[in-house]
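Coordinates in review
One-letter residues, chain by chain:
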Amino acid sequence: MSDIIYHYTSPEGILGILKGKTLRFTDCQYLNDKSEALYIRKPIERALEMICEKYGISTEQREFLNLYMKLGYESSHQIDKPDFGNINSINQKMEIYRYYVLCASEHEDASNMWSYFVKNGVYQGYNLGIDLSMLKKKIGEICKPYRGISVLPDNCIEYEFNKQVDIIFNKLGEAMVGESRLLAKRRPNKDLIIYLILRRALFNALENYKLFFKNPAFENEKEYRVVLKVRNGSIEENDNLKLNFRVGASGIITPFLEFSFDLNDKQELFKQITLAPMIETELAKESFNMLLASNGYKNIEIKESSINLRF
């Protein structure tokens, strides 16, 4: 993919970014499509079925793992471990994280993306071309000194169902091979070893892939996401992250992180602004040039959409 990703946004959104010198990462629980993170159940259930068949996992274990997978996704809380073999309980503490998302696209000028910004029959939107390498570098520098804050490495959205299943199946298989010897040193029985390994692996798969697997029907969006993983209570320690709130499209108060950069950073981060179709292009260009100049931005190209609309 290109080193530039395109953040499609409203007029209010791009104005806030350029004037406020912050990027917003929305709490994943409040994204526009409430069903998208639930989609991971389909590939993860299939992968779990395959791994159970491969390792001869008992029906009782399958039932508990399926229950854990569903509850673990919905609430990120652990459930009571079944007592396989009547041995002492082994407690695995699962730390709770929240995930904050900056959504973009690999498409520089896509009609389906512009369609989200139709208002009164007119396209009213922009996209901001962001240098991905520079964004990752700056986020990494800012997050590195702080424990409990990181950036998830898998940014491209996977839309193909079979590939999604393979990714999770391989992760579960790696966990079975990589952790079984370590757990075996504690000498619990085989059933408990398998349960503990897969419970942890399922938790990790749910947390790490739920925001990167989407229904194949949305493939034409070519979405790209930058996701901050934040342990509860860690935000207060970071001077560059601030928890804030806005009113969402449905009227719900929506939490987000403001990720602050100084002007020099943003000069390197932002490469271009693309105007949606039907905007009064010359007037829009003039106002953007004034806005950029008054806020100290230089060398940001302003482009028009190449899409010819039909009426």
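Above: the structure in question.
Treat the numbers as computed from the prediction; the structure is a model and nothing was measured.

What counts as what
- Throughout, a residue's number is its position along its own chain's written sequence, starting from 1.
- For this predicted model, a pLDDT threshold of at least 70 governs which residues receive local features, and a threshold of 80 or more governs which side-chain atom pairs are given and counted, while totals over whole chains, interfaces and linings are taken from all residues.
- With hydrogens and water stripped out, all remaining heavy atoms of the structure feed into the side-chain values.
- Strands are runs of DSSP state E lasting at least two residues, helices are runs of H or I lasting at least four, and both sets are numbered from the N terminus onward.
- Residue count minus one, scaled by 1.5 Å, sets the expected span of a helix.
- Burial classes: relative accessible area under 20% of the type maximum marks a residue as buried, over 50% as exposed, and values in between as partly exposed (1.4 Å probe, protein chains only).
- Picture the helix axis, draw a direction to every C-beta atom, and the arc is the one those directions span.
- Each reported salt bridge corresponds to a side-chain nitrogen of Lys or Arg within 4 Å of a carboxyl oxygen of Asp or Glu.
- Excluding any residue in a salt bridge, patches collect residues exceeding 30% relative accessible area, merging like charges within 9 Å and nonpolar Val, Leu, Ile, Met, Phe, Trp and Tyr side chains within 5 Å.
- Residue-level accessible areas treat just the shown protein chains as cover; the underlying method is Shrake-Rupley with a 1.4 Å probe.
- When DSSP finds two or more bridges between a pair of strands, those strands are recorded as paired.
- Polar contacts, as counted here, are pairs of nitrogen or oxygen atoms within 3.5 Å of one another; within protein the pair requires one atom able to donate a hydrogen and one able to accept it, and residues that are adjacent in sequence qualify only if both atoms are side-chain atoms.
- By definition in these notes, contact holds between two residues if any of their heavy atoms fall within 4.5 Å.

**Some words on helix 2 (residues 41-55)**
Between its first and last C-alpha atoms helix 2 spans 21 Å; for 15 residues at 1.5 Å apiece the expected length is 21 Å, and the two agree. For helix 2, every residue scored as buried is listed here: Pro43, Ile44, Ala47, Leu48, Ile51 and Cys52. Buried residues in helix 2, looked at end-on, bunch into an arc of 165°, giving them a common side. Residue Gly56 follows helix 2 closely and has a positive phi angle near 60°.

**A short note on the pattern of salt bridges**
Tallying each qualifying case throughout the model produces 11 salt bridges. Across the pair Lys285 and Glu304 runs a salt bridge, and its minimum N-O distance is 2.9 Å. Here Lys285, found in helix 9 (residues 281-294), pairs with Glu304, found in strand 12 (residues 301-304); they are 19 residues apart in sequence, far enough to count as distant. Each of Lys214, Glu221, Glu223 and Arg225 takes part in one network of salt bridges that share partners.

**Focus: a nonpolar patch on the surface**
On the surface, a cluster of nonpolar side chains totalling about 390 Å² of accessible area is made up of Leu243, Phe245, Val247 and Ile253. Top contributing element to the nonpolar patch by residue count: strand 9 (residues 241-247), with three residues. On the secondary structure map, Phe245 appears in strand 9.

**What to know about helix 1 (residues 11-20)**
Among the residues making up helix 1, those that are buried are Ile14, Ile17 and Leu18. Looking down the long axis of helix 1, one finds its buried residues gathered within 90° of arc, a one-sided arrangement.

**So, the pairing of strand 2 (residues 22-27)**
For strand 2, the buried fraction is high: five of the six residues fall into the buried class. Where strand 2 meets strand 3 (residues 97-105), two bridges bridge the pair, whose relative direction is antiparallel. Each bridged residue has a counterpart across the sheet, and for Thr26 the counterpart in strand 3 is Val101.

**Looking at the side chain of Gln164**
Checked against the element boundaries, Gln164 lands in helix 6 (residues 161-184). Polar contacts involving the side chain of Gln164 include one to the main-chain carbonyl oxygen of Glu158, which spans 2.8 Å. For Gln164, the side chain forms a polar contact with the main-chain oxygen of Lys214, separated by 3.2 Å. Apart from the residues within four sequence positions on either side, Gln164 is in contact with Tyr39, Pro43, Glu158, Tyr159, Phe213 and Lys214.

**Looking at unusual backbone geometry**
Of note, Lys222 is a non-glycine position whose phi angle comes to about 45°, a positive value. If you trace the backbone, Lys222 turns up in the loop between helix 7 (190-209) and strand 8 (223-231). Backbone geometry at Asn299 places phi at a positive 60°, although glycine is not the residue there. Here Asn299 is to be found in the loop between helix 9 and strand 12.

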